Amino acid sequence: MTISSLQQARAAYQPKLPVSLQGSVKVCVGAATQSVADQAKIKELFPNTYGLPLITFEAAGASQAAFPAINVGVILSGGQAPGGHNVISGLFDGLKKLNPASRLYGFLGGPSGLVDNKYVEITAEFLNPYRNTGGFDIIGSGRTKLEKEAQFDTGLANLKKLGITALVIIGGDDSNTNAALLAEYYAAKNAGVQVIGCPKTIDGDLKNEMIETSFGFDTAVKVYSELIGNIERDANSAKKYWHFIKLMGRSASHIALEAALQTQPNITLISEEVFAKAETLDEIVNYIADIVIERSKNGNNFGVALIPEGLLEFIPEIKKLISALNTLLAVDKDHPDSNPVVNELKATNDNDQKVEIVTRHLTIIEPELSAKFTSLPAAQRIQLILERDEHGNLPVSQIETEKLLGDLVKAKVKSKDRDVKFSVQYHFFGYEGRCAAPSNFDADYCYSLGYTASVLIANGSTGYMASVRNTTAPADKWIAGGIPITMMMNMEIRQGEEKPVIQKALVDLNGKPFAYFKEHRDTWAKETSYVYPGPIQYFGPTETCDRTTITLELEKGK
Ligand code: FBP
């Protein structure tokens, strides 16, 4: 493998660990836990893994007791997030420290690797070139949902073949929900396999009191903020374009909010606020158009607007439409050919025909929504009927919300004031940040999470998520331990069925990051208050290189 000079330099970086993990570890067992809601139901569904105690690690004075060699499996699940390779590095180093004869196997291509028995042994030689690098390419990732007993049983048989007694699942809220189901299933069967989760997703929506942030968020937002800053500088230099930038984050607007805090653009839409205020598409367009006109009156025919990719699903009228389309296009995985609408769609490659088929069926069940569907531009209509993923999600990253808004704002501005110049450029930042070389924060955080998982395994824990807290302090003061996954769960309706799931953390409209943004956004809209954060710094003073996100700092009262 040819590697860049930055990669060479980063290969020498030794991620920082909390003091508690630097030598022998003392395991402190805390109080029993409860799920965040629906306690009786979650308890009934997880009789073996409900109510487990919190676990915290402390530095032990005594030397570590001998630990037998074990075999462990690891899976990367879902979208890429910077730092995944370091979780594996931390897990590997932790396991080898406990017993150099322990082995780590990586299942290939995500959860499906476990079911299809596709794996590779992760040796030091194989792992070393991936340390501190971005990407998930060491073993690949995938979005197969591990939720059926048949998958669990096949997986177990494959784990047994390799003598694996513990499995680490690195994923987002859905994947960790499935980790909890797997942990419970194996515990109920006395299968002799522990399951540990790790909190991953650039979206930043897997967080709570015990999980301060999901890994990858820090790096991804820093990459987007660098790019947004560059665009702001271009906008402020040329003074002739508005830039509409869509930012990843399937549902939650944490990325858009953090990027706004880092770069102070003129407009940032926060989906959660749109939903709370039940705003219509027209109201949003009106809000943007008014800012465009006001800036133009001040001689500023330019600006930057950030749009979270999940926005459409948070506009109540469009949410209703998407939900009706989800029902219309739902595919039963056990009977994939049973939906006549989907079969009709599959029979044609012509987009106009596809839209016509959907409109016809929608008119029969929801005539009002059919009218809303028809009112949208053709490109967005076809994007709204794209195939859903295994979790039933609409692939929002493929919907050009920025263009939809751009077209509508153009028309609105013209209707309000014909003399206002409005010329728009479109961008979508998502994939650019997901595989970036992890920031120092993510490199350290991920390594610590992986290392924590190895200690949880040694402790015999199952159904836990690795947790590293106090992350706005220097890394040696971080608090490592384990949180029972059932503690983060509640019951939600998913694809028409009530299911136990990890609560997704959307932007808290009463939280400090949003409050700060709200206090400043009108000034940022009128004035040109851009901040240009520049690229992630890996080498230099700790205040520059180890700083985490503004979101985390505000949440932690820094
Ligand atoms: P995860 O929740 O699996 O981490 O993925 C998040 C994400 O990056 C979203 O921001 C984005 O909408 C989606 O993945 C894109 O998915 P895909 O990689 O399948 O295009």
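Residues numbered from 1 in each chain as written. Predicted model: local features only at pLDDT ≥ 70, side-chain atom pairs only at ≥ 80, totals over all residues. Heavy atoms only, no water.

Digging into the packing of helix H12 (residues 281-297) against helix H18 (residues 401-416)
Running from N to C, H12 and H18 cross one another at 60°; their axes reach a closest spacing of 9 Å. You can see that H12 and H18 cross each other, and the crossing is right-handed. The residues of H18 that touch H12, namely those facing Leu 281, Asp 282, Ile 284, Val 285, Asn 286, Ile 288, Ala 289, Asp 290, Val 292 and Ile 293, are Leu 404, Leu 405, Leu 408, Val 409, Lys 412, Val 413 and Lys 416. Its residues placed into classes, the contact of H12 with H18 shows 12 nonpolar, one polar and four charged. (Axes fitted to C-alpha atoms, helices over the stretch in contact; angles between N-to-C directions. Helix = DSSP H or I, 4+ residues; strand = E, 2+ residues; numbered from the N terminus. Left-handed = near helix turned anticlockwise from the far one by under 90°. Contact = heavy atoms within 4.5 Å. Nonpolar A, V, L, I, M, F, W, Y, C, P; charged D, E, K, R; others polar.)

Here's the deal with the environment of Leu 181
Within the element layout of this structure, Leu 181 appears in helix H8 (residues 173-188). The class for Leu 181 is partly exposed, based on a relative accessible area of 24%. It is 17 Å that separates the C-alpha atoms of Leu 181 and Gly 110, two residues lying 71 residues apart in sequence. Contact partners of Leu 181, with chain neighbours within four places excluded, come to Phe 46 and Phe 152. (Buried < 20%, exposed > 50% of the residue type's maximum accessible area, 1.4 Å probe, protein only.)

Some thoughts on the environment of Glu 279
Within the element layout of this structure, Glu 279 appears in the loop between helix H11 (271-276) and H12. Considered as a pair, Glu 279 and Val 115 are 164 residues apart in the sequence and their alpha carbons are 44 Å apart. Excluding residues that lie within four positions of it along the chain, Glu 279 makes contacts with Val 274, Ile 284, Ile 315 and Pro 316.

Here's the deal with empty space enclosed by the protein
Tallied over the full model, the rule gives two cavities of 30 Å³ or more. Along the walls of the largest cavity sit 12 residues, with Ser 77, Pro 111, Leu 146, Ser 175 and Asn 178 positioned nearest its centre. The element that contributes the greatest number of residues to the lining of the largest cavity is H8, accounting for four residues. Of the residues that constitute the lining of the largest cavity, the class distribution is five nonpolar, five polar and two charged. By volume, the second largest cavity amounts to about 50 Å³. Along the walls of the second largest cavity sit Gly 204, Lys 207, Glu 212, Thr 213, Phe 217, His 254, Thr 549, Thr 551, Leu 552 and Glu 555, which together make up its complete lining. Per-element tally for the lining of the second largest cavity: the top contributor is helix H23 (residues 550-555), with three residues. (1 Å grid on protein atoms, 1.4 Å probe; cavity = no way out; pocket = protein on both sides within 12 Å on 5 of 7 lines; lining within 4 Å. Points joined across faces, edges and corners; volume = space filled by probe spheres on them.)

Observations regarding the layout of surface pockets
Approximately 370 Å³ is the volume found for the second largest pocket. Contributing to the lining of the second largest pocket are 17 residues, with Lys 222, Gln 262, Pro 533, Thr 544 and Arg 547 lying nearest its centre. Looking at the lining of the second largest pocket, the elements with two or more residues in it are helix H10 (254-263) and helix H22 (542-545). Classifying every residue of the lining of the second largest pocket by side-chain character gives seven nonpolar, six polar and four charged.

Let's talk about the sheet that holds strand E3 (residues 71-76)
Spatially, nine strands are ordered E1-E2-E13-E12-E7-E6-E3-E4-E5 in an open sheet, and the strand pairing comes out mixed. Two strands lie at the open edges of the sheet, namely strand E1 (25-32) and strand E5 (119-122), each paired on one side alone. With direction set aside, neighbouring strand axes in the sheet form an average angle of 25°. Sheet topology places E3 next to strand E4 (residues 103-107); four bridges connect them, and they run parallel. The residue bridging Gly 73 from the neighbouring strand is Tyr 105, located in E4. Its contacts with the sheet place helix H4 (residues 84-98) against E3, E4, E5, strand E6 (164-171) and strand E7 (194-199), and it is angled at close to 175° to E3. (Pairing = 2+ DSSP bridges.)

Notes on the packing of aromatic side chains
Here the structure, examined in full by the defined rule, presents 16 aromatic pairs. When the ring of Phe 107 is compared with that of Tyr 119, the centres are 6.5 Å apart and the planes differ by 70°; the resulting orientation is edge-to-face. With Phe 107 in strand E4 and Tyr 119 in strand E5, the pair connects residues that are 12 residues apart, well separated along the chain. A relative accessible area of 0% places Phe 107 in the buried class. Look at Phe 441 and Tyr 445: their rings are 5.3 Å apart centre to centre, the planes differ by 20°, and that puts the pair in the stacked class. Separated by four residues within a single helix, Phe 441 and Tyr 445 lie in helix H20 (residues 440-458), roughly one turn from each other. Residues Phe 441 and Tyr 445 agree in their burial class; the two are buried. Ring pairs connect the aromatic residues Trp 242, Phe 244, Phe 422 and Tyr 426, which therefore count as one cluster. For Arg 10, the ring lying beneath its charged end belongs to Tyr 13, and the centroid distance is 4.4 Å. Over the ring of Phe 302 we find Arg 295; its NZ or CZ atom is 5.0 Å from the centre of that ring. (Phe/Tyr/Trp six-rings, centres within 6.5 Å; stacked < 30°, edge-to-face > 60°. Lys NZ or Arg CZ within 6 Å of the ring centre and 35° of its normal.)

Observations concerning the pairing of strand E8 (residues 242-247)
Burial analysis of E8 places six of its six residues in the buried class, which makes it a mostly covered element. What you see with E8 is no split at all: Trp 242, Phe 244 and Lys 246 on one side and His 243, Ile 245 and Leu 247 on the other are buried throughout. Looking at chain direction, E8 and strand E10 (residues 303-308) are connected through six bridges and run parallel. Among the inter-strand pairings, Trp 242 is bridged to a residue of E10, identified as Gly 303. Here six bridges tie E8 to strand E11 (residues 424-429), and the two strands are oriented parallel to one another. From the neighbouring strand, Lys 246 faces E11, where its bridge partner is Phe 428.

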